[in-house]
Amino acid sequence: MNDTTAPSAAREHTVESFTREFLREVNFGQGVDLDRASTNDKYLALARTVRAYLTTRWLETLRTQRREQKKAVAYMSAEFLLGRQLENNLLATDLGEIARDSLDLLGIDLVELCNTEIEPGLGNGGLGRLAACFVDSLATENVPSIGYGIRYEYGIFRQRFEDGRQVEEPDEWLRLGSPWEMPHPENAVKVGFGGRVEAWKDESGRAHRRWSPDWHVTGVPYNYMVPGYRNGRVNTLRLWSARATQAFDLAIFNAGDYTDAVRAQTQAENISKVLYPEDSTPQGKELRLQQQYFFVACSLRDFVEKVLPEDFDLHRLPERITFQLNDTHPVIAVPELMRLLIDERGWEWADAWAVTQKVFAYTCHTLLPEALEVWPVDLLGRLLPRHLEIIYRINEEFLEQVREAFPGDMLRERHMSIIAEEPVRSVRMAYLATVAGAKVNGVAELHSQLLRDKVLSDFAEMFPHKFTNVTNGVTPRRFMALSNPRLSALITEAIGEGWVTDLERLRELEPLADDAEFRRRFREVKSHNRARFAGVIAERDGIEISPDAMVDAMVKRLHEYKRQSLKLLHIVSLYERITSGALPLADVTPRTFVFGAKAAPGYVRAKETIALINAVGRTINADASLEGRLKVAFPANYNVTLAETLIPAADLSEQISQAGKEASGTGNMKFALNGALTVGTDDGANVEIRQLVGDDHFFLFGMDEPAVSDLQASGYRSASYYEQDKDLRAALDMIASGAFTGGDRGSFVSSITASLIERDRFMALADFRAYVDAQERVEAHWADQEAWTRSAVLNVARSGYFSSDRSIRDYLARIWNA
Ligand code: NBG
C-alpha cells in the first residue's frame, strides 16, 4: 500500500466531535434516527466510533512496522478468550470520559451500552485468557506482534442449570453483529486436506515430493485491533474463518449433485464452527486436527506472503519472527513450514530444518499426562499425508541424534520417540514441539522445574539450553483498572498514575498497610465491590447474598485435579458440625461460598460434582437454622464478564489443586492483585505468590509435590483417611445419606462418595484435615479485620510481579531475542 493514501493525522476527540461521529454512525452505519435507535443500534454506533479512532492508530502502527521491518512475534493460539471489547477499548484510548459526557448529553447511558456487548468467549479458561492478556501486554509493551487464531462461530458453550445439573447451550456471540472485526475475504488463503503424496523429479534429476490434497477449505482473515494502553500502538489479532472453496463446490456441482455440493460447503465451514469445550483433556477428534491445521496453515502463509515484503529471503526468517506456539494446538505448523520450504520453494531438507528450528518456540501448559496431545498416525496420515512423512523424517534424524548421544540406550530411544507405539501408533505433539522449538517454557517456576525433571526430563538432559521458565501474568488493565475502578482510584491517589503499566510500583503501597485510614478506605472499597457483586448476581441469577459476609471464591474449570470436591467437603463438614451441635452457630464466620465452573460436556464426574455443589447449596441456603450465616452461590455460566465483578469483591481465593498438577493458574494472580488472601497448596504460581506476599499473608496447607509423589509411590489408601478422621467421615456419610438430595442415595451421590473413599485420584481426603485447619486460621485472621486488611493491602502491594507485562518482558529476554 502507498503510504500517502493513509489518513494524515490521528483523530483527536472533543465531546462535540465524538457526538458528531456517534450520530453519523447511528444514521449512516445503522440506518436509523436516534429516536428510533435500539440499544443495540446505539451500542454498535458507539463501538464503531471508538473503532474508527483506533483504526487511525492501527494503520499508523502497520505503516511503522512495514517501514522498520523489526523482528516480530506471532502468538499462535487456538484460543483467545477476549472478554468484552468496548470498555477495554475506551480505557486504552482514554475516551471513556468523552464518550460518557457525549452520551449523557444525548440522554444515553454508557454503562447500559457496554453491558449490551456479548463477550467473545473464544477460549475455555486459563490458556485462552492468557493469550488475551498477552496480546494486551504485547501492545502495551510496544512489541511488534500479531496474534493468530480461529474465529469460532460459537465460543465456549453457555451453561445453564436445570435442577442443579449443567445444560449446555450454543454461544451465539455473533448474534447481534460484531463491530470489532474487519473481514478481508479478498485475502483468503486456501488450505488442503487429504489426498496423496507423489514423487517427481525435476530436470536436474533431483527427487521431490508433491502433495495433492483431495479437498480444500478457504480461510478468511478477520482482523481485530489490539490497542496498547494509551501508547498509540494498535496491534493485530487475525482470526481465521473457514469457507468452502469455489473450485471445490464446482467439482461436486458439475458431478451433478447440487445438494451434495451444498453439504460439502457446510462441511468446510464446520471447521471454524465451534470451539472444543475440553479444558486440558483433548478428545483427539478429527475436526479438531482440521481446526489446528487450518489456522496454522492460513497463518504461516499469511505471514510469509502478506506480512513479509514480497522479495523477502526466507533464509533470514529467524531475524524477522518467532512463532510462539501456545501449547501443542498449533504444533502442526512445524511440518507445515517444512513443507512450504521444501515442497513449494524447493529447499534442501537441512536448510529448511535449520530455519524451522530457529523460528518456533513452544509453551507447555500442563502436567497432566492425559492432556498431552497425541494424534493417531492413521488419522494424521489420512488428513495430512505429507506432514506425516515429514514428521517421520524429523523423528528419524532426531533418534539418530539420541543414539549418538546415548549409544545403546534403546529404552531411552523408545521413550523419546516422537512416535508412540502404544496403545496406538501416534504422534506426540509435545515431543515434536520440543525437538523443533528453539525454546520450551513452562508457565510457573514449579511447573518448569517439573517439566525438566519429570515430563520432559530426557529432552532436558539432551537439550538443557532449550528449557526455560516464564511465569504467567495477567493484564492490570482489564483485571484492575477496568474491573476495580474504586481500588484503582485509591491506588492512584496514593502512589500516582504510572502503576497501570509498571505494576511493580504497587510496592509503594506497602507502608500504607500500616496506615489505619488507608485500611479503612480499602475496606470501604471491598465492601462496595461486594455490594456490586451481590447486585449483579441478584439480577443475573436471582441469587441473594449478604453484602457483609466474607466472599470465599473458587472459580475455574471443573476438574478433579483442581479439587472442587475438597472445597465441598469443607462446606459439608461445617454444616454437619453445626447441625450436629458440635459447632455453635455463633462461632461460624458468615461466608458466601462462591463457585463458578463449567464442566466439559462429556466429563461425567465433573458434571456430577456440579450437581452435588448445587444440591448442597440448595439445602444450606434453605436452612433457616443457619440464620443466613452460610450461603452457597453458584451463578451459572461463569465467564470473563462475571469474573470482572466477582474478583474485586472476593476476600478469600481458593487455589487448592493437588500439588504438582496445576501448571500455573492465573485466577490466583487476579485475586491477589485485587486484595483477596489465598488459601492454597504449594502448586503452580501459588508458590511464587506466597513467596512474594509472605507466609503471614497466605494460608498454605497440604502436601507439597514431593510429598504427593512419595505418598503415591508408597501406595495411597484414601479409605484410611475416611476411617480415621471422624469429621471427614461424618461429612462423607452425610452426603451419602442423601441429606442434600432429598433422601436419594443413588445416582451421582453414591458414585462421588464411593470414588473419593475408594480411589481419590487427587488425594482430597489426604489433604482434608490440613485444609480444615487452614480454614480455621482464615477465620481467626478474619476476626481481626485490621489484621486482615493489612494482609489484603500487602497482597496487592506485593503482587505487581504478576503483570502480564512482566511475562512479556521475560519472553523477550529469554525466548524472542535469544
Ligand atoms: C492451563 C493450566 C493453568 C494455566 C493456564 C495458562 C491448559 C492446557 N492449561 O494452570 O491448567 O494457568 O493453562 O498457562 O489449559
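Residues numbered from 1 in each chain as written. Predicted model: local features only at pLDDT ≥ 70, side-chain atom pairs only at ≥ 80, totals over all residues. Heavy atoms only, no water.

As recorded in an unreviewed UniProt entry, the protein goes by the name Alpha-1,4 glucan phosphorylase, listed as coming from Demequina muriae. Of the comments in the UniProt record for the protein, the one headed Cofactor (unreviewed entry) reads "pyridoxal 5'-phosphate". The annotation that UniProt attaches to the protein under Catalytic activity (unreviewed entry) is "[(1->4)-alpha-D-glucosyl](n) + phosphate = [(1->4)-alpha-D-glucosyl](n-1) + alpha-D-glucose 1-phosphate". (UniProt positions renumbered as here; feature names shortened; annotations may be inferred.)

Enquirer: What exactly am I supposed to notice about the packing of aromatic side chains here?
Expert: Ring pairs (aromatic) are described by centroid distance and by the angle formed between their planes. Applying the stated criterion across every chain yields a total of 20 aromatic pairs. Arranged with centres 5.0 Å apart and planes meeting at 20°, the rings of Tyr 811 and Trp 816 form a pair that is stacked. One aromatic cluster in this structure is built from Tyr 75, Phe 134, Tyr 811 and Trp 816. Taking the ring centre of Tyr 222 as reference, the NZ or CZ of Arg 151 above it sits at 3.9 Å. Geometry around Trp 349 places Arg 393 over its ring, the cationic atom sitting 4.3 Å from the centre. (Phe/Tyr/Trp six-rings, centres within 6.5 Å; stacked < 30°, edge-to-face > 60°. Lys NZ or Arg CZ within 6 Å of the ring centre and 35° of its normal.)

Enquirer: I keep staring at the state of the cysteines and nothing clicks. Help me out?
Expert: A covalent bond between the sulfur atoms of two cysteines is what we call a disulfide. This structure, assessed with the given rule, holds zero disulfides. Between Cys 133, a free cysteine, and Cys 114, which holds the nearest cysteine sulfur, the sulfur-to-sulfur gap is 19 Å. (Disulfide = S-S within 2.5 Å.)

Enquirer: Looking at this structure, I do not really get the packing of helix 1 (residues 15-29) against helix 4 (residues 96-105). What am I missing?
Expert: Angle between the axes and distance between the axes: these two values describe a pair of packed helices. With their axes 9 Å apart at the nearest point, helix 1 and helix 4 run at an angle of 65° to one another. Compared by their axis directions, helix 1 and helix 4 come out roughly perpendicular. Considering how the two elements wind past one another, helix 1 and helix 4 form a crossing that is right-handed. Contacts between helix 1 and helix 4 pair Val 15, Phe 18, Thr 19 and Phe 22 from the former with Ile 98, Ala 99, Asp 101, Ser 102, Leu 103 and Leu 105 from the latter. When its residues are assigned to classes, the contact of helix 1 with helix 4 shows seven nonpolar, two polar and one charged. (Axes fitted to C-alpha atoms, helices over the stretch in contact; angles between N-to-C directions. Helix = DSSP H or I, 4+ residues; strand = E, 2+ residues; numbered from the N terminus. Parallel < 35°, antiparallel > 145°, perpendicular 65-115°, else oblique. Left-handed = near helix turned anticlockwise from the far one by under 90°. Contact = heavy atoms within 4.5 Å. Nonpolar A, V, L, I, M, F, W, Y, C, P; charged D, E, K, R; others polar.)

Enquirer: Can you walk me through the domain arrangement of the protein in this structure?
Expert: By a frequent convention, interface size equals the accessible area lost on bringing the separate parts together. Taken domain by domain, the protein holds domain 1 (69-84 + 119-471 + 810-816) and domain 2 (476-655 + 665-802). In this structure, domain 1 and domain 2 have C-alpha centres spaced 35 Å apart. Listed by partner, the interface residues are 39 residues for domain 1 and 41 residues for domain 2. Interface of domain 1 and domain 2: buried area, both sides summed, is about 3200 Å²; carbon and sulfur atoms make up 53% of it. In this assembly, domain 1 and domain 2 are joined by five salt bridges. Glu 168 is the salt-bridge partner of Lys 607, the closest N and O atoms lying 2.7 Å from each other. (Domains from an automatic or database assignment. Buried area = accessible area lost by both parts, 1.4 Å probe. Salt bridge = Lys/Arg side-chain N within 4 Å of Asp/Glu carboxyl O.)

Enquirer: What am I meant to see in the sheet that holds strand 20 (residues 550-555) here?
Expert: Remark on secondary structure: sheet strands pair via backbone hydrogen bonds, oriented parallel or antiparallel. One open sheet accounts for six strands, arranged 22-21-20-23-24-25; its pairing is parallel. This sheet does not close on itself; its edge strands, each paired only once, are strand 22 (630-633) and strand 25 (699-700). Bridge analysis of strand 20 against strand 21 (residues 591-596) gives six bridges, and the strand direction is parallel. Its bridge partner lying in strand 21, Asp 552 is registered against Phe 593. (Pairing = 2+ DSSP bridges.)

Enquirer: I would appreciate a short explanation of the site of the ligand in the present structure.
Expert: Looking at the ligand, there are 14 residues lining it, with His 365, Asn 472, Glu 662, Ser 664 and Gly 665 nearest. The side chain of Tyr 561 places a nitrogen or oxygen atom 3.3 Å from an oxygen atom of the ligand. A distance of 2.8 Å is found between an oxygen atom of the ligand and a backbone nitrogen or oxygen belonging to Gly 665. The protein chains hide 94% of the 380 Å² of surface that the ligand would expose on its own. Among the residues forming the shell around the ligand, the class breakdown is five nonpolar, seven polar and two charged. Here the shell around the ligand gathers at least three residues from each of two domains, domain 1 (69-84 + 119-471 + 810-816) and domain 2 (476-655 + 665-802). (Near = heavy atom within 4 Å. Polar contact = N/O pair within 3.5 Å; in protein donor to acceptor, adjacent residues only side chain to side chain. Areas by Shrake-Rupley, 256 points an atom, 1.4 Å probe, with all protein chains shown as cover.)

Enquirer: I'm lost on the pairing of strand 1 (residues 72-76) in this one. Help?
Expert: It is a general feature of regular strands that their side chains alternate between the two faces of the sheet. In terms of burial, strand 1 is largely enclosed, as five of its five residues are buried. The alternating pattern of strand 1 places Ala 72, Ala 74 and Met 76 and Val 73 and Tyr 75 on opposite faces, both of which are buried. Pairing geometry for strand 1 and strand 13 (residues 321-326), over five bridges, is parallel. The residue of strand 13 that forms the bridge with Met 76 is Leu 325. Summarising the sheet, strand 1 and strand 4 (residues 145-150) pair through four bridges and their orientation is parallel. In the strand pairing of strand 4, Val 73 is matched with Ser 145. (Buried < 20%, exposed > 50% of the residue type's maximum accessible area, 1.4 Å probe, protein only.)

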